[in-house]
Every structure is written in structure tokens, then in C-alpha cells.
Amino acid sequence: MLTARERLARQKSRPLLVELYRALSRLTSTLTVMNTGAHPDDEHSGMLAALRFGLGMRVVIACSTRGEGGQNSLGAERGGALGVLRSREMEEAARTLDADVAWLGFGPDDSVHDFGFSKNGADTLARWGRDRTIARLAAAYRQYRPDIVIPTFLDVPGQHGHHRAMTEAAEAALALAADATFSTPGLLPWSVAKYYLPAWSGGGDTYDDEVPPPDATVEVRAPGRDTVTGASFSAIGEWSRAYHATQGMGRWTMDPTTRWPLHLRHGPAGSETDIRANLPATLADLARLMPERAAVALHAAQDQIASAMRAFPDRPLISTALVAAARAIETARTSAGDEPLRTHGHRLERKLLEIDAALLLAEGINPIAWAEPHRLHAGDSAVLRVQLEGDTIPVTATATAGDGIGIGAPDKHGASLTFALATTPTAPLSDQFLPGFASLGGNGQVRIAIAATIEGRAATTMLDLEEPLTIAPSHTCLLQPSTVIVNRASPVAGAIEIKLAGIASATSLALQSPTGWRVDRTSSGFAVTPPADLQPGRYHLPVLVDGHPAFSDQAIAYPHIGRTHFVSPLALNVLALDLELPANTSIGYVGGGSDRVGYWLKAIGLDVTELDDAALAGDLSRFTSIVIGTFAFGQRPALRQHLKKLHAWVASGGHLLTLYHRPSDGWDPQATPPRPVRIGSPSLRWRVTDPAAEVSTLLANSPLLLQPNIIGADDWSGWDKERGLYFAAEWDPAYQALLAMNDVGEAPLHGALISAEIGAGRHTHTSLVLHHQLDKLVPGAFRLMANLVQPASNASREET
């Protein structure tokens, strides 16, 4: 449930009159445009703002993945947790654009998922399943019936493989959606009228399109500024993009974009000056395709909608005009005939839904609803509250719910309704990756219909809960630690103590273990004893509660998306490996909140101190090594303030290890490292996406590759997602490159791991995704990391 301050902030951000004008503007167009992309944040937000708020079109964003394989500038969420977080970001970004969202992928366990950066569209579709991806998008075409489809990116070399795959799928799905032999129960075939490609390059900081964009055949032109806010449509796009905070989106621009060039690839022949040309863009245009009586009614509806727009903000006049418009559309619907309705009936149905939503707002009906509590387990109960507001007319609310949730009759108290809500003992867990988001409401497991009779019209609209009601696992708990590193080179005698928190002690608990392992229950959890002859590898020991799987429950909370959770089966993970640790090492770790490297260094037995801003300002001389986490120079302003101090510490004998940074992460090539290092851009040219890419040693006798662990071919096996990104492109002659690697068909890159003697100390910079490999328990990553944090005095004997 939102706090009072959170509710007030939300109400302030969505004034009734702004919401009313937005609702009225929907009625000015009968067209739907779909923008396709591969990740949350791929949508072309400024252009979509112009199409929706400037031209009145319905906007749908089709997104193939949840972005679960991407980066996170805000925190340590990775994988499925990041997918949940970025899905919420996409919903809020879409809410700002008054857009719908159609998802093609359903999280990391689905074949269509974000598996990390790719340079090849065909390979991406092979991993997703080409036919599956195209079929899902064709079904989305049939569901949303877009008149226009526009992918954000071109399918050209130099572009992200996921982007290329989605653009290829968007074009291939056109024919499939129109094919009557393609079966989608409940959805009829649909022919997209126009398919445009962007007539702009996708190059920039990240990508590097090798082929020029196609010539522009038409432009989307911003029609001035947004009427109700006075903002440019480009600015509204950035309001939306700011919700993609995990990706650092949302930028202030001095000169707003007002034109977006497009290339018509499929559509009516001939030149055009407007993307709406040759399409039924308004009810009046639609009238030309209808029998006479329906046409007359549609013209009347168009006139009434225009009257409602002119009447703003006079709400009584708006209501009268909208009721007349709805009656005219219903007349058109009953007199249009079967064939026109088969092709265009969805437009009339949508207008009636939109009119009802606008009507209720015009009457001052802007209710809110919430559940107390909003997270339940099977067999729990809650109270559903709906706070109704209306100027003078009675308002009713009806609540329905999905599987496993029962809702009682409403109890009215003044302007509020309460419903008793209960989950059944066998209620299924809530889906963490829903198939879509509807701009008109009706999202989530509890659906609330708000209704009122206005000038004789029974108007109904859907209301979402302030926070979605979810059914969580009955048994959630924490393992401390949840992952154990067993170093075969220095085994610990006795059992490994695992503490269990967050579950009743009387509950029957078990830890499923492989043959040869011993697991004993203790008062605080488990005592786990691996076999004496434990072989290297990863081991997975699921936790059972009363014979059923237990779950971990990761809370995710940020101001821009509110509160959500990522739930996954709970297990103890064990990595057994042969690992030597550097002697006499004291490490200071400066995190940026986006990796767990400090945690892993402690887990393998090293002396690690997390350095906050106060510690950075203090005495650093007791540390032999300092590790700067990913993005930390961008996330920790105090770190940049102490650069001179850090450089002096290096020169006096310290070993500074910097993990990968983007050029935009506060990395000044001349000032951030002790000697100049420039990070390559666009990043597509300075990364190796194949996690199995061959790695060559350029400096075979480097102590960083020889001690205390000899790094060999086995250490590069089993890597996940990719080798590295944001490789160094240029560096001071003091640095030496230690490794070379490349994707197939490309020249070797030498900037993955560079190191330089600086006075009595050393600076090492790596662009390898070691933080991700540590999370994935890749043995070679632990062995290499142990080498990279050794004291500078140990690593000062390199020879060329």
C-alpha cells in the first residue's frame, strides 16, 4: 500500500484536467501505431509522444525481451530480478506515453530472453527460435491491429544483434499475421497497412551502423507543442525515458527534436507527405468506407468529439458532447454491416471505451484502489478498498479476480467501497512476467470496473490497483550464505554452517544434496559436509519446506517504479575449485552499487574492507590493493574528488584495479586513470560478445597471469554471456596489454586487460565481465581475480 506521501505525489503528478485532456485527445484518431524493439528503452519515445499526444494515435510498444541480460546503473539486480525491474520501468515509461505494451518474451526461463549483447541478428533469432519469435509478433499484430509498424533500429551490420533480430521479425510477421492459415485462436488475420523503417542511423556511443539509413520518404513532424502541458513532444519522450533509470536514460536537451524521418518499405504506392495518408485516420475518414447511415453517424460523432475538444476545460459541456458522440458511434456500429465491421469494427469499439474513460473524468470521477495487504500467500485474506470520487452522480465499482482469488460483495462507507478478498489454499503464484500492459487499465490479477450513468449513458472504465496484488510463495527464507566457495587447495575442516532465516523453526526443512554429501539440521539451519574427495565443479542443493520447494524473495524498491519482488526457487550453491590466494593482501573495495565483487573477494577468504566516502577521505596506506567496481566513478562523486590521492597511493606502492567503465561513467581518459586510458566508442567495436571466444596471452610471463594461479585455457571455459565490453582503445606507453581476443571475423582486441607500473605501484584496468562471471560461479574468474588483486610488489617483475 502506498504511503500518504506517495499517494499525494502520485495525485500531484496526474492532475485531473491533464488526464481529461489526454483522454479527449485519444478520440481524435482511429489509427494505431506499433513501435518494435528488443529491450525496454528501445522505444523511440519522442516520436511516440508526438504520434500519441500530437496526432492522437493509439501507441503500442512491442518488446521482445525484459532486458534481463543488460546492465544496471542503479543496483545489483541481475538476471530475472533485473528483468522484473526493467519490466516495471517499461510500464511506467509507457504510462507516461499513454501507450500499451506487448511483450514477446517472458523472462530468463523463456527462449525469447535477453542473453547479453549480440552482433548478429540471425544468431539471435536462432537462439530465440526464429519461427517462435515471428509467430508471437504476428499474434501481437492480430491482437492490437496496428495500421502502422515502425521498428526503432535497422537490420544492418554494426547494430545490436537483438535489434536486428526484432526488425527482421517485424517485417517477416507482416505476411504471417495476414495469412488465414496461421492459427491464433480468438484473433482474426490482420494486414498492417504501412511498414516503415527509420531513416536515421543507429550509430552513436554504443552502435555503429555500417550501412547508411534508407532515404526518407516521409517525416513525422511534431505539431507544435503539447497543448495541455506546453512541453515539446521530445521533452515528453525524455520524461518517459527517465523511467529507464537502470540504463541511465532521461536526458536534458536544449534543442528538442521536431522531425523524425521514415522510409516506407511496405505500403501504398506513391508519394506521401503524412504517415496518415491513405489511412482512415479519423471517424470522418472512416465514414467514407461505410454505408450511408453509418457514415452520417460517424460524421456526427466526429463533430461531437471536436465540440468536446473545443469545450475543454468546461467539463459539463464535454460530457454532453461525449455522450452524443458515443450514441452516434453506436448507431454507426449497428448500421455498418458485417464486412465493414470485420475490418473496422475494432476502431469503433476502441472509441467507445475511450469515450467512457473520458466521460468519467469529465464528471470528476478519478478513483483510486488498493489492497491491504497487497502481497498474499495461498489461504490468506485481505481488504480491497476503492475510494470513489464524483461531482454529483452515483458511482459503482465491481471487482473481479484471476485464478485462486475470491472477492466478496462490496460494503459501502460514504465515498468508499471495501471488498473482502481471499486466496484459496491452492492459489497459484503470481506471474512475474505478464504478457502486456494496457493503457486503459485492467492490468493485474484484480480488475476493478468503475461505472456511472451520465446523461443516460452507462459508462464503464477499468481501474488498476495502486500496487498490483500478488500471490507470493508460502515458504520464503534466506540462506546465509547462499553460496559457498570450497577451495580444494586449502579445505576447511568440518562442516559448513548454513544459517536459515525467515521461516518458522517448527517447519519441516530439508536440503537436497548429492550422493556422498552429509546434511544435518542445526538450531539455526544446516551443517553441510561435502565428501572428502569433492571434485571441482558447481553443486546445487535445493531447499525443501514440508516437502515442497522453498523460495527466495528478493525485494526490489526504487522511487521511480515503486515496490516489487523477484521470487525464485531457493537453493544452496557450492563451487568447488582449486584456488591460491595472494599472500599479505589487504583490499579496499569501492563499489558503485552495480556488482558484488567485494562480496566475492570476501567469500574466497581475502581481507576486504568496503570503502565508503569517509574511508576514501581517510588513510589508505594500510591497503595493498584497491578495487574500483563497475560504474563507480560515475556513481560515487567522492571517488572522483580523491583521484589525486588515489594516484599518489598508487605511486607509493599500491595496486589499483579498475573494473570496466563506460566512457559516460565519469571516466576522463586523461584524469581518471594514473596514466591516460581511452575507452573505445562506439562500444560495439570494443567488445567480445562470444563467451567462448579464444583468448591469447600477449605477455606470457606476467605475474598477473602466473601467480598465485597459473591462468590457462581451462580458466577461460564456461564463461557466460560474453568475454568483455568497453575495452580500452588507446593507452599510455606505460601500460602493457596482457590478452588478445575477438569475435569471429573480427580483428583481435588487446584492451581487455592492461597493466602499468606507476612509480612503486601498479594500475591494472580490465574490461572483462569478471563481476558477472563471479555471480555465475565461473572458476576461472575467481582464479584470475585473485591474481589481479595481488600486491603491486608481487606483480612488478614483468618482462617483455
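For the structure, see preceding data.
Residues numbered from 1 in each chain as written. Predicted model: local features only at pLDDT ≥ 70, side-chain atom pairs only at ≥ 80, totals over all residues. Heavy atoms only, no water.

**Description of the overall build of the protein**
Moving on, step 1. For the protein, the helix and strand inventory stands at 20 helices and 39 strands.
Moving on, step 2. Once the C-alpha set of the protein is aligned to its principal axes, its extents read approximately 90 × 65 × 55 Å.
Moving on, step 3. Within the span of the protein, comprising 800 residues, buried residues form 55% of the whole.
Moving on, step 4. Accessible surface for the protein amounts to roughly 32100 Å². Of this, 52% is attributable to carbon and sulfur atoms.
Moving on, step 5. With 69 positive and 84 negative side-chain charges, the protein shows a separation of 3 Å between the mean positions of the two kinds. (Helix = DSSP H or I, 4+ residues; strand = E, 2+ residues; numbered from the N terminus. Buried < 20%, exposed > 50% of the residue type's maximum accessible area, 1.4 Å probe, protein only. Areas by Shrake-Rupley, 256 points an atom, 1.4 Å probe, with all protein chains shown as cover. Lys, Arg positive; Asp, Glu negative; His and termini not counted. Charge placed at Lys NZ, Arg CZ, Asp CG, Glu CD.)

**Section: the side chain of His 39**
Moving on, step 1. Considering the arrangement of structural elements, one finds His 39 in the loop between strand S1 (32-37) and helix H3 (45-54).
Moving on, step 2. If sequence neighbours within four positions are ignored, His 39 has contacts with Cys 63, Thr 65, Arg 86, Asp 114, His 160, His 162 and His 163. (Contact = heavy atoms within 4.5 Å.)

**Observations concerning the pattern of salt bridges**
Moving on, step 1. One pass over the full model with this rule turns up 44 salt bridges.
Moving on, step 2. Note that Arg 88 and Glu 92 form a salt bridge whose closest N and O atoms lie 3.1 Å from each other. Within this pair, Arg 88 and its partner Glu 92 are both found in helix H4 (residues 79-97), separated by 4 residues, close to a single helical turn. Of the two residues, Arg 88 and Glu 92, both sit in the buried class.
Moving on, step 3. Here Arg 678 and Glu 730 are joined by a salt bridge, their closest N and O atoms 3.3 Å apart. Here Arg 678 is found in strand S33 (residues 677-679), whereas its partner Glu 730 is found in strand S35 (residues 728-731), with 52 residues between them in sequence.
Moving on, step 4. Accessibility expressed as a relative area gives 46% for Glu 730, which makes it partly exposed.
Moving on, step 5. Several salt bridges share partner residues, and in doing so they unite Arg 14, Arg 88, Glu 91, Glu 92 and Arg 95 into one network. (Salt bridge = Lys/Arg side-chain N within 4 Å of Asp/Glu carboxyl O.)

**What to know about the side chain of His 560**
Moving on, step 1. As for its placement among the helices and strands, His 560 is situated in the loop between strand S26 (551-558) and strand S27 (562-569).
Moving on, step 2. Look at His 560 and you get buried, because its relative accessible area is 17%.
Moving on, step 3. At 2.8 Å, the side chain of His 560 forms a polar contact with the side chain of Glu 89.
Moving on, step 4. Apart from residues no more than four positions distant in its own chain, His 560 is found in contact with Leu 74, Glu 89, Glu 92, Tyr 243 and Ala 245. (Polar contact = N/O pair within 3.5 Å; in protein donor to acceptor, adjacent residues only side chain to side chain.)

**Remarks on the sheet that holds strand S18 (residues 478-480)**
Within a sheet, adjacent strands bond to each other through the backbone by hydrogen bonds, running parallel or antiparallel.
Moving on, step 1. Strand order in the open sheet made by the 4 strands is S18-S20-S23-S22, with antiparallel pairing throughout. The open sheet has two edge strands, S18 and strand S22 (518-521), and neither has a second partner. Taken over all neighbouring pairs, the strand axes of this sheet differ in orientation by 25 degrees on average, direction set aside. (Pairing = 2+ DSSP bridges. Axes fitted to C-alpha atoms, helices over the stretch in contact; angles between N-to-C directions.)

**Some points on the sheet that holds strand S2 (residues 58-63)**
Moving on, step 1. The 8 strands are arranged S6-S7-S5-S4-S1-S2-S3-S14 in an open sheet whose pairing can be described as mixed. Edge positions in the open sheet fall to strand S6 (218-221) and strand S14 (436-437), since each of these has one partner strand only.
Moving on, step 2. Of the pairings in the sheet, the one linking S1 to S2 comprises 6 bridges and is parallel in character. Residue pairing in the sheet places Gly 37 in a bridge with Cys 63 of S2.
Moving on, step 3. Sheet strands touched by H4: S2, strand S3 (99-103) and S14. Its angle to S3, the strand with the most contacts, is close to 150 degrees.
Moving on, step 4. Across the sheet, helix H6 (residues 130-144) touches S1, S2, S3 and strand S4 (148-151), and the angle it forms with S1 is around 160 degrees.

**Description of the nonpolar core**
A general trend in soluble globular proteins is that nonpolar side chains are found buried together.
Moving on, step 1. The biggest cluster of nonpolar side chains holds 62 residues, and the ones touching the most others in it are Leu 24, Leu 322, Leu 384, Val 386, Ile 448 and Ile 450.
Moving on, step 2. Not counting chain neighbours up to four residues away, the residues in contact with Val 386 comprise Ile 368, Ala 369, Ala 397, Ala 415, Ser 416, Leu 417, Phe 419, Ile 448, Ile 450 and Leu 463.
Moving on, step 3. Judged by nonpolar contacts, the second largest core, of 44 residues, contains Tyr 589, Ala 693, Leu 705 and Leu 777. (Core = buried A, V, L, I, M, F, W, Y, C linked by side-chain atoms within 4.5 Å.)

**Brief notes about the environment of Pro 637**
Moving on, step 1. Relative to the helices and strands, Pro 637 is located in helix H16 (residues 637-641).
Moving on, step 2. Overall, the relative accessible area of 44% leaves Pro 637 in the partly exposed class.
Moving on, step 3. With 24 residues separating them along the chain, Pro 637 and Asp 613 place their C-alpha atoms 9.0 Å apart.

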